[in-house]
Amino acid sequence: MTNSEGAGPALAQRAGETLGLEHEAEIDGYLATLRERLGKDCLSDFAFSNLYLFRATHAYRYLPGPYPCVAGTAYDGTRHLLPLFDLASAPFHDMRALLAGHDCFFPIAAETAARLDRNRFILSASGDDADYIYPAENFRSYRGELLRKKRNLMQQLLGSTPVHAHFLTPERMNDALQVLEQWMRDKGKAAGEADALPCREALQLSSHFGFESMIYYVDNAPAGFLIAQRLSASVAVMRFAKGNDAYKGIYQYMFHHYCMHTKDIAWINFEQDLGLANFRQTKRSYQPSAMLAKTRVRISA
């Protein structure tokens, strides 16, 4: 990385490249360093696959160079840069130049934010952006009064009909798409709304990205699927979970089954709730042990 005063204008002028699969090895190489350092506190955003699947939603562009970044637009319209380097170790004058034309660096993990000079940077965070993280044991046992309803829903499903789990292979892709289409109808969503398009692409690229994808059948009918991704050896993030509302308890069983068959997983990340009340209620009901803040970092005036 350069430390020269002359780097500023060049950094500010970069237009970047539309994010594509050709950037995967380079970008995920940078993000792997973040994932390793942060452990269970790693943000769900720090994987190339997630950036790629939501590249259209956020208009992601890759900005290579001495301080590589991914530029995009947040759900609220904020123009941000995701730094693929240690922001806290970079020269301030270069960071000021790099941010020209953008509103903030985002998302920044709490560990990095804590090392920034508060006299030079303005830090803020919204609960809408924060990741929910849970002990995997919550889903293995649904132990305790607070999770009793989850346990009961799962047991009622298992007690009423056979439920079978299978790896989501290409031969079962049409069944998964059938579940997705039913989920859209259940939620009253039109084609292209919600996260249907990224989810459909995640199904198609499951093997490419090394996702852990399972599909579940009730009475031999496809009832739900989930797509999980390892952020580290002991941390997994739930990228997508879709179920048919006709099968009460299917979500509780899918999460339970996944955690029971991945005994090396200690933590599950359910990503953010986007400020949506139904998402927030559901994610809180599984009793998270922590919320991982995603800090927005601006240059102080």
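Here is what the cut-offs are and how they apply
- Residues numbered from 1 in each chain as written.
- Predicted model: local features only at pLDDT ≥ 70, side-chain atom pairs only at ≥ 80, totals over all residues.
- Heavy atoms only, no water.
- pLDDT = per-residue confidence, 0-100.
- Contact = heavy atoms within 4.5 Å.
- Pairing = 2+ DSSP bridges.
- Helix = DSSP H or I, 4+ residues; strand = E, 2+ residues; numbered from the N terminus.
- Salt bridge = Lys/Arg side-chain N within 4 Å of Asp/Glu carboxyl O.
- Buried < 20%, exposed > 50% of the residue type's maximum accessible area, 1.4 Å probe, protein only.

Chemist: Explain the confidence of the model for the protein here, please?
Modeler: Predicted coordinates in regions of low pLDDT should not be interpreted in detail. For the protein, the average pLDDT comes to 94, and 95% of its residues sit at 70 or higher. Here residues 1-7 is modelled with pLDDT under 50, and outside its nearest four sequence neighbours on either side it reaches 15 contacts, counting other chains as well.

Chemist: Help me out: how do you make sense of the sheet that holds strand β4 (residues 79-83) in this one?
Modeler: With mixed pairing, seven strands are arranged side by side in an open sheet as β1-β2-β3-β4-β5-β14-β6. The open sheet has two edge strands with one neighbour each: β1 (17-18) and β6 (121-125). Pairing between strand β3 (residues 69-73) and β4: five bridges, direction antiparallel. Directly across from Gly72, in β4, lies its bridge partner His80.

Chemist: What am I meant to see in the pattern of salt bridges here?
Modeler: On inspection of all chains with the given rule, the structure shows 20 salt bridges. Here Arg148 ties to Glu145 by a salt bridge, and the two come within 2.8 Å at their closest N and O atoms. On the basis of relative accessibility, which here comes to 58%, the residue Glu145 falls in the exposed class. Where Asp245 meets Lys187, a salt bridge forms, and the shortest distance between an N and an O atom there is 3.5 Å. Of this pair, Asp245 sits in the loop between β11 (235-243) and α12 (250-260) while Lys187 sits in helix α9 (residues 173-187); the two residues are 58 residues apart in sequence, bridging distant segments of the chain. Classification of Asp245 as partly exposed rests on a relative accessible area of 28%. Residues joined by salt bridges that share partners form a network here, namely Arg37, Asp86, Glu111 and Arg115.

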